[in-house]
Number of protein chains: 2
Amino acid sequence: MSQFADFIGSAHTIEFVPGEVIFAEGALADGCMYVLLEGGIQLGRQGKVLEEVGEGGVFGELALIDNGPRSATAKATAPGKLAVISGERFRELILRNPSFALEIMRLLARRIRFHLRP
Amino acid sequence: MSQFADFIGSAHTIEFVPGEVIFAEGALADGCMYVLLEGGIQLGRQGKVLEEVGEGGVFGELALIDNGPRSATAKATAPGKLAVISGERFRELILRNPSFALEIMRLLARRIRFHLRP
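Residues numbered from 1 in each chain as written. Chains lettered and ligands numbered in written order. Predicted model: local features only at pLDDT ≥ 70, side-chain atom pairs only at ≥ 80, totals over all residues. Heavy atoms only, no water.

### Quick look at the packing of aromatic side chains
- In total, this model carries 14 aromatic pairs over all chains according to the counting rule given.
- When the ring of Tyr34 of chain B is compared with that of Phe59 of chain B, the centres are 5.5 Å apart and the planes differ by 25°; the resulting orientation is stacked. Highlighted residues: Tyr34 of chain B in strand E3 (residues 32-45) and Phe59 of chain B in strand E5 (residues 58-59), separated in sequence by 25 residues. The burial state of Tyr34 of chain B is the same as that of Phe59 of chain B; both residues are buried.
- Ring pairs connect the aromatic residues Phe4, Phe7, Phe90 and Phe100 of chain A, which therefore count as one cluster.
- Above the face of the Phe23 of chain B ring, Arg70 of chain B is positioned so that its terminal group lies 4.1 Å from the ring centre. (Phe/Tyr/Trp six-rings, centres within 6.5 Å; stacked < 30°, edge-to-face > 60°. Helix = DSSP H or I, 4+ residues; strand = E, 2+ residues; numbered from the N terminus. Buried < 20%, exposed > 50% of the residue type's maximum accessible area, 1.4 Å probe, protein only. Lys NZ or Arg CZ within 6 Å of the ring centre and 35° of its normal.)

### Quick look at the pattern of salt bridges
- Overall, the coordinates contain 14 salt bridges over all chains when judged by the stated rule.
- Residue Arg110 of chain B pairs with Glu51 of chain B through a salt bridge whose shortest N-O separation is 3.8 Å. With Arg110 of chain B in helix H4 (residues 98-116) and Glu51 of chain B in strand E4 (residues 48-53), the pair connects residues that are 59 residues apart, well separated along the chain.
- With relative accessibility at 38%, the residue Arg110 of chain B sits in the partly exposed group.
- Glu51 of chain B sits in the buried class, given a relative accessible area of 14%.
- Note that Glu61 of chain B and Arg111 of chain B form a salt bridge whose closest N and O atoms lie 2.8 Å from each other. In this pair, Glu61 of chain B is assigned in helix H2 (residues 61-66) and Arg111 of chain B in helix H4, connecting sequence segments 50 residues apart. This pair shows no difference in class: Glu61 of chain B is buried, exactly as Arg111 of chain B is.
- Each member of the salt-bridge network shares a partner with another, and the members are Glu51, Glu61, Arg110 and Arg111 of chain A. (Salt bridge = Lys/Arg side-chain N within 4 Å of Asp/Glu carboxyl O.)

### What to know about the packing of helix H3 (residues 87-96) of chain B against H4 of chain B
All names here are of chain B.
- At a closest axis distance of 5 Å, the pairing of H3 and H4 adopts a crossing angle of 115°. Counting all contacts with H3, which are made through Phe90, Leu93, Ile94 and Arg96, the residues of H4 involved are Pro98, Phe100, Ala101 and Ile104.
- Tallied by class, the residues present in the contact of H3 with H4 amount to seven nonpolar, no polar and one charged. (Axes fitted to C-alpha atoms, helices over the stretch in contact; angles between N-to-C directions. Contact = heavy atoms within 4.5 Å. Nonpolar A, V, L, I, M, F, W, Y, C, P; charged D, E, K, R; others polar.)

### Remarks on the interface of chain B and chain A
- At the interface, 25 residues of chain B touch 25 residues of chain A.
- Linking chain B to chain A there are two salt bridges.
- In this structure, the salt-bridge partner of Arg113 of chain A is Asp66 of chain B, at a minimum N-O distance of 2.8 Å.
- In this structure, the connection of chain B to chain A is made through six residue pairs in polar contact (both at pLDDT 80 or more).
- Broken down by secondary-structure element, the contributors of at least two residues to the side of chain B that touches chain A are H2, H3 and H4 of chain B.
- For the side of chain B that touches chain A, the element with the highest residue contribution is H4 of chain B, accounting for 13 residues.
- Of the residues assigned to the side of chain B that touches chain A, the class counts are 16 nonpolar, three polar and six charged. (Polar contact = N/O pair within 3.5 Å; in protein donor to acceptor, adjacent residues only side chain to side chain.)

### Overview of the pairing of E4 of chain B
Residues and elements named next belong to chain B.
- Pairing between E3 and E4: five bridges, direction antiparallel. The partner of Leu43 across the bridge, within E4, is Glu51.
- Between E3 and E4, which pair antiparallel in sequence order, lie two residues; one of them, Gln46, sits at a positive phi of approximately 50°. (Pairing = 2+ DSSP bridges.)

### Observations regarding H3 of chain B
- Of the positions making up H3 of chain B, those classed as buried are Gly87, Arg89, Phe90, Leu93 and Ile94 of chain B. The arc that holds the buried residues of H3 of chain B, viewed along the axis, is 160°, so those residues lie on one side. H3 of chain B presents Glu88, Leu95 and Arg96 of chain B as exposed residues on the side facing more than 90 degrees away from its buried surface.
- Summarising the contacts, the buried residues of H3 of chain B are in contact with helix H4 (98-116) of chain A together with helix H1 (5-8), E3, H2, strand E6 (73-86) and H4 of chain B. (Arc of directions from axis to C-beta.)

And the structure:
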């Protein structure tokens, strides 16, 4: 998992407790993605676990990019903290750091390959 | 479909005839993606049609991004011409034009949503 935390600099952070839902599958997006700074987040869809996000990992980027509804539910599995990245901040990060853009593309590519697995 | 052709400037181009295979599912990637300038390309996987790429559309970006094998076969359905974008040129385009990066992300997001459809 790439360490996205290195890219984001100062950001608005939110603390969470286990069981807390950061966003729910199907919800209209708030235009933000999240970087997990501490703790654990599980991504699930239609009752199945898609991914355990590790510290430094990103989630919620899909709805930020295409303004679609949340494709998965993000639920805390351990107490922790996340950084909130708005759409505006996201575009700023891409402008300032092309490596960030490439890392996000690699993350999206990984999600596509996940769906293509046999 | 976004007009990627507007972004790429001058590029190495290749002409093709109907039935020609640009790349085959499972092939080790040559590190290039393609912008369709004229004609038609069909993307297929495991015998199923995934997408008809229109003029101005991009294909082959997944393997360029993650260096994995080709996830689909790209076959010409009409005579045409494509522009070849190497990995180096891809990074240059991102550096020079963050809007190009965002368009590629939107394309990847569209591919993820395609796999998530009911």
